[in-house]
Every structure is written in structure tokens, then in C-alpha cells.
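Tertiary structure, described
Given next are the chains, with one letter for each unit.
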Amino acid sequence: MERLIMLGTGNALVTRCYNTCFAIQDDDEYFLVDAGGGNGIMRQLQDADISMAQIHHIFLTHEHTDHLLGMIWMIRMIATKIRKEQYEGNLRIYCHSALVETVRTIANLTLPKKFTRLLDHRIQFVPLHNGDTKHILDYDVTFFDILSTKAKQYGFTMRLRNGQKLTCAGDEPLNEQCVGYAESSDWLMHEAFCLYSQRNQYDPYEKHHSTVREACELASCLNVPNLILYHTEDDNIERRKALYTAEGRLYYKGNLYVPDDLECIEFDEVKFLIPVF
């Protein structure tokens, strides 16, 4: 089985859903991307029926609290399983090189030594540089600097087992200098802070984010057949899927996904709608 599980879909300040993070399932193993802003990651994994023992690879995109702090809980919980001999192998944490010391420092300040002594042993950091490719599960994953103006952040692109190309642009608009990584993608994961019609209410540009319209226009320009929107506001959580889909359809004719927390997207069900852009 090869699928995407959206553990969280919200931006940093949401209270009606969890912060954006997700897992890519490859049969019985999972590649976790970010962990949200706290111990809510444990509930999301539990509700998704994902065991900590099935996670051996975690990618941390950047240092913001809504992506980083859940990682400390992951370290604590997996370290606990290691100590109880309930975890086989090692955990590898991938992040840009400057972020390694940030995670290490927070862990050392907040976790008991019985857990942190596992850092650099059973819990290993893998420092990333722009353009690095790492073999994770069955995938070659290429990481790239999204050229954020706020905090250094990496996205990634990978080739799925079914031959499709998946690109995650991080939580900012895809920089034109990074378009080469997204070209020829079958799936594009892109943030959409709010509806374009509500841009004056949420002021996404001040936060270096985009809207549904702009994300859809980008996907249309790139001829991406499948677009996944995430990292949104949650004021319209009950109607978010309908509202975002309706606005997105005005600018994008491919397969548009606006997932809720814990929603799964099956990559094995190949969807190559030929859009008329």
C-alpha cells in the first residue's frame, strides 16, 4: 500500500484541527514529515492507526513551533520504546544542518538524560544540504531549500513506487527559483492559507503565504494533474473543503484535494485526469 495520510492540515494558530504534518505510507512503514506543535501528534498517530514502531524516518522542514515542537514528543516516545526494547532499528531525523543543533538543544533542555543519551546513537540526525538525495524506505527523496525569507526551510520531491512524482513545496509559495524541482510532478502539495476572497481578512501575504487561487494558478501553470492544499486557517473548518474546492475550480481543472485531518489519499489509485488549462 502506498498512500498519503494527512495527520494535520492547519496553520500555526489553528484550534479546530491539528498543525500541518503528514505521513507517506510504504506498506508497513511510514515516512513522517513534521510533527505539529505539541503532543497532539500522539493522538493523530493513534487515530491514524500508526505505531511509533513503524516510523524510522522523520523529516523536519523548519524551526517554526507548529512544525518542530511535536518532534520533541516523537523523540521522547520513541526513546521510551527503545529503552523498553519495543523499537527495532534506529530513528533518523532529516533536517537542514543548522536545525540539527536547534532540535538537540531543545531536547536536552526539556527531556531527561535517559532519553537524550540516545541522540546520535539509536536516534540519529541526518543533516541536509540543498539538493541532497537520500534513500528513505523505497524512495529516493531529493530535498531543496525553498528560499524562505523567514526561516530556512526545505521541501522535497520524490518518485513514488508507482512511477508518479510527488513534490512538497513546504509552507510558503513555491519560489520561482525552485520551479525546476516541481516540474513534471504528478502531485503537488502546496500551502493555501485562506481563500483569495478572504485575503483582506487573513492577510496571507504579510505572513509569506498564498491563497487558494494562487496555489491553483501555479498548479495550472505547471500542468500538475493532482494538487493537494494544506496549511490553512480553520475558521471555516466545517465548510473548508467545499469553499476551497469551489474557489479552486475557477483556476485549476485537475484533481483538487482539500483534505481534512486524518484523510488519506491513495497513490495506488492512479489519477491522471488530463486537465484543460
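Everything that follows concerns the structure shown earlier in this document.
Residues numbered from 1 in each chain as written. Predicted model: local features only at pLDDT ≥ 70, side-chain atom pairs only at ≥ 80, totals over all residues. Heavy atoms only, no water.

What follows is about the packing of aromatic side chains. In total, this model carries nine aromatic pairs according to the counting rule given. Seen from their ring centres, Phe 22 and Phe 156 are 6.4 Å apart, and the 35° between their planes marks the pair as tilted. Of this pair, Phe 22 sits in strand 2 (residues 21–26) while Phe 156 sits in strand 9 (residues 154–159); the two residues are 134 residues apart in sequence, bridging distant segments of the chain. Here Phe 22 matches Phe 156 in class, with each residue buried. Over the ring of Tyr 196 we find Arg 199, and its NZ or CZ is 3.8 Å from the ring centre. The ring centre of Tyr 196 lies 4.6 Å from the NZ or CZ of Arg 213, which sits over that ring. (Phe/Tyr/Trp six-rings, centres within 6.5 Å; stacked < 30°, edge-to-face > 60°. Helix = DSSP H or I, 4+ residues; strand = E, 2+ residues; numbered from the N terminus. Buried < 20%, exposed > 50% of the residue type's maximum accessible area, 1.4 Å probe, protein only. Lys NZ or Arg CZ within 6 Å of the ring centre and 35° of its normal.)

In this section: the pattern of salt bridges. Tallied over the full model, the rule gives 14 salt bridges. A salt bridge links Glu 217 to Arg 213, with the nearest nitrogen and oxygen atoms 3.0 Å apart. With Glu 217 and Arg 213 both in helix 7 (residues 212–221) and four residues apart, the pair spans about one turn of that helix. Taking the relative accessible area as the measure of exposure, Arg 213 reaches 24% and is therefore partly exposed. Each member of the salt-bridge network shares a partner with another, and the members are Asp 26, Asp 27, Asp 138 and Arg 161. (Salt bridge = Lys/Arg side-chain N within 4 Å of Asp/Glu carboxyl O.)

This part covers the sheet that holds strand 9. Across the sheet, which stays open at both edges, the seven strands sit in the order 7-8-9-10-11-12-13 with mixed pairing between neighbours. At either end of the open sheet lies a strand with only one pairing partner, and these are strand 7 (133–136) and strand 13 (255–257). The mean inter-strand angle of the sheet, taken between neighbouring strand axes irrespective of direction, is 20°. Strand direction decides the pairing type here: strand 11 (residues 187–191) and strand 12 (residues 226–230), joined by five bridges, are parallel. Paired with His 190 across the strands is Leu 229, a residue of strand 12. (Pairing = 2+ DSSP bridges. Axes fitted to C-alpha atoms, helices over the stretch in contact; angles between N-to-C directions.)

With that out of the way, let us pick up helix 8 (residues 240–248). If you check which residues of helix 8 are buried, you get Arg 240, Tyr 244, Glu 247 and Gly 248. What you see down the axis of helix 8 is that its buried residues fit within an arc of 100°, all on one side. (Arc of directions from axis to C-beta.)

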